[in-house]
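# Fold and contact review
Here are the chains, one letter per residue:
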Amino acid sequence: MPEAPEATIGILALQGAFAEHQTRLQNLRLKRRIITVLVKGPEDLLLCDALIIPGGESTTIALLARLSGLLEPLKEFVRKKPVWGTCAGAILLSQSVTNAKKDGQELLGGVSVDIARNGWGSQVESFEAPLSVTDLPDPSVPFMGIFIRAPVVLGVSPEAPIQVIARLPPHLLPEPIEDDNDPRTIVALRQGLHLLTTFHPELTKDDRFHDYFARKCVFPTVPM
Ligand SMILES: NC(=O)CC[C@H](N)C(=O)O
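Residues numbered from 1 in each chain as written. Predicted model: local features only at pLDDT ≥ 70, side-chain atom pairs only at ≥ 80, totals over all residues. Heavy atoms only, no water.

## What to know about the site of the ligand
Selection criterion: Residues are labelled near a given molecule or strand when at least one of their non-hydrogen atoms is within 4 Å of it. Polar contact criterion, stated in full: a pair of N or O atoms within 3.5 Å, where within protein one must be able to donate a hydrogen and the other to accept it, and residues adjacent in sequence count only if both atoms are side-chain atoms.
Close to the ligand lie Gly-55, Gly-56, Glu-57, Ser-58, Cys-87, Ala-88, Ile-91, Arg-117, Asn-118, Ile-148, Arg-149 and His-200. A distance of 2.7 Å separates an oxygen atom of the ligand from a polar side-chain atom of Arg-117.

Right under this line is the structure:
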């Protein structure tokens, strides 16, 4: 029997919660082997079939990516391969950011949303919210969303094939929002092979979003 193919998932390791993502990936029990690589330079990225961009500080990650010669290779990677951005990583994966710093913010693009940095306020306004996510294994068990200076989705391109995976329940919103379809309630979405979460699944012990990324984005076509 031929061995089931494996995949190498890189984690951008310039700043932020990259080690936690690696731990969660190493915890996954899939039929196929996942190899993890901490990506610090272009040579590491060449090894990867998919990439996670962690939370942290999007401006710092972008600056360090430029300094380490990774910015252009990352843009190229996003055009071809699966990428998951969490929190700061979600900002970098977005098409546009409404309140970028004065001297601008480098983005990688890939997901057709407009996003606002620190959309729910500063560090002290960080919060947790149980999310009901029907696409995860054991969907009746809520996934604890940890929102730390989280970005907020302000708009979604109507032409893009975007699938909303999780929304914040209206009663848990830091500010009241009347309309259930308001894009600001979206906290997880997928566009093709790209996954965007505005919270931090890697800061929990729940591997279900990592499992989702592996199944739907990294190995999307063959059941495992
Ligand atoms: N927890 C986080 O990743 C925070 C993101 C941060 N507010 C930024 O703009 O990059």
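## Topic: the UniProt feature "active site" (unreviewed entry) in the protein
To keep it simple, the criterion reads: UniProt positions are given in the numbering used here, feature names are shortened, and annotations may be inferred rather than shown by experiment. Whether a residue is buried, partly exposed or exposed follows from its accessible area with a 1.4 Å probe, protein chains only, as a fraction of its type maximum: under 20%, in between, or over 50%, in that order. Contacts: residue pairs with any heavy atoms within 4.5 Å of one another.
UniProt's entry tags Cys-87, His-200 and Glu-202 with the feature "active site" (unreviewed entry), counted in the numbering of this structure. Look at the named residues: they lie 116 residues apart in sequence, but the longest C-alpha span between them is just 10.7 Å, so in the fold they bunch up. For His-200, a relative accessible area of 5% puts it in the buried group. If sequence neighbours within four positions are ignored, His-200 has contacts with Gly-55, Cys-87, Ile-146 and Ile-148. At 2.7 Å, the side chain of His-200 forms a polar contact with the side chain of Glu-202.

## Looking at the nonpolar core
Note the cut-off: The set of buried Ala, Val, Leu, Ile, Met, Phe, Trp, Tyr and Cys residues whose side-chain atoms join them within 4.5 Å is what this entry labels a nonpolar core. Only DSSP runs of H or I covering at least 4 residues are called helices, and only runs of E covering at least 2 are called strands; the numbering of each starts at the N terminus.
Counting residues in hydrophobic clusters, the biggest one holds 38 residues, and the most contacted among them are Phe-147, Leu-168, Phe-209 and Phe-213. Going through the elements one at a time, β1 (7–12), α1 (18–27), β3 (50–53), β7 (127–131), β8 (143–147), β10 (162–167), β11 (186–191) and α6 (208–218) are the ones with two or more residues in this core. If one sorts the elements of this core by residue count, α6 sits on top with six residues. Those residues in contact with Phe-213, other than ones at most four positions away along the chain, are Ile-9, Ala-50, Leu-51, Ile-52, Pro-82, Val-83, Trp-84, Leu-193, Leu-195 and Val-218. With 34 residues, the next largest nonpolar core counts Leu-12, Val-39, Ala-65 and Ala-88 among its residues.

## As for the side chain of Thr-86
Among the structural elements, Thr-86 can be located in strand β4 (residues 83–86). With sequence-adjacent residues up to four places away left out, Thr-86 is seen in contact with His-21, Ile-53, Pro-54, Gly-55, Thr-197, Phe-199, Pro-201 and Glu-202.

## A look at the packing of aromatic side chains
Quick note on the threshold: Within 6.5 Å between ring centres, the rings of Phe, Tyr and Trp (the latter by its six-membered ring) count as paired, and their orientation is classed by plane angle as stacked under 30 degrees, edge-to-face over 60, tilted in between. Only lysine NZ and arginine CZ atoms are considered, and such an atom sits over a ring when it is within 6 Å of the ring centre and within 35 degrees of the ring normal.
According to the stated counting rule, one finds seven aromatic pairs in the structure shown. Ring geometry for Phe-143 versus Phe-209: centroids 4.9 Å apart, planes at 85°, classification edge-to-face. Taken as a pair, Phe-143 in strand β8 and Phe-209 in helix α6 lie far apart in primary sequence, 66 residues in all. For the pair Phe-143 and Phe-209, one class covers both residues: buried. Considering the side-chain rings of Phe-147 and Phe-199, the 5.5 Å spacing of their centres and the 50° angle between planes classify their relative orientation as tilted. Placement of Phe-147 in strand β8 and of Phe-199 in the loop between β12 (194–197) and α6 is noted, with a sequence separation of 52 residues between them. When its relative accessible area of 1% is taken as the criterion, Phe-147 is described as buried. We classify Phe-199 as buried; its relative accessible area is 0%. Linked through ring pairs, Phe-127, Phe-143, Phe-147, Phe-199, Phe-209 and Tyr-212 together constitute an aromatic cluster. If you follow Arg-32 out to its NZ or CZ, it ends over the ring of Phe-219, 4.7 Å from the centre.

## Digging into the sheet that holds β12
Under the convention used in this document: Should DSSP find at least two bridges between two strands, the strands are regarded as paired. Axis lines are fitted through C-alpha atoms, for helices just across the contact stretch, and the angle between N-to-C directions can take any value from 0 to 180 degrees.
On the basis of which strands lie adjacent, the open sheet formed by seven strands has the order β2-β1-β3-β4-β12-β11-β10 and mixed pairing. Since the sheet does not close on itself, it has two edges, and those belong to β2 (34–39) and β10, each with one partner. Here the average twist between neighbouring strands, direction ignored, is 15°. Looking at chain direction, β11 and β12 are connected through four bridges and run antiparallel. Across the sheet, residue Ala-188 finds its bridge partner in β12, namely Thr-197. Of the strands in this sheet, β1, β3, β4 and β12 are in contact with helix α4 (residues 71–80), which crosses β3 at around 120°.

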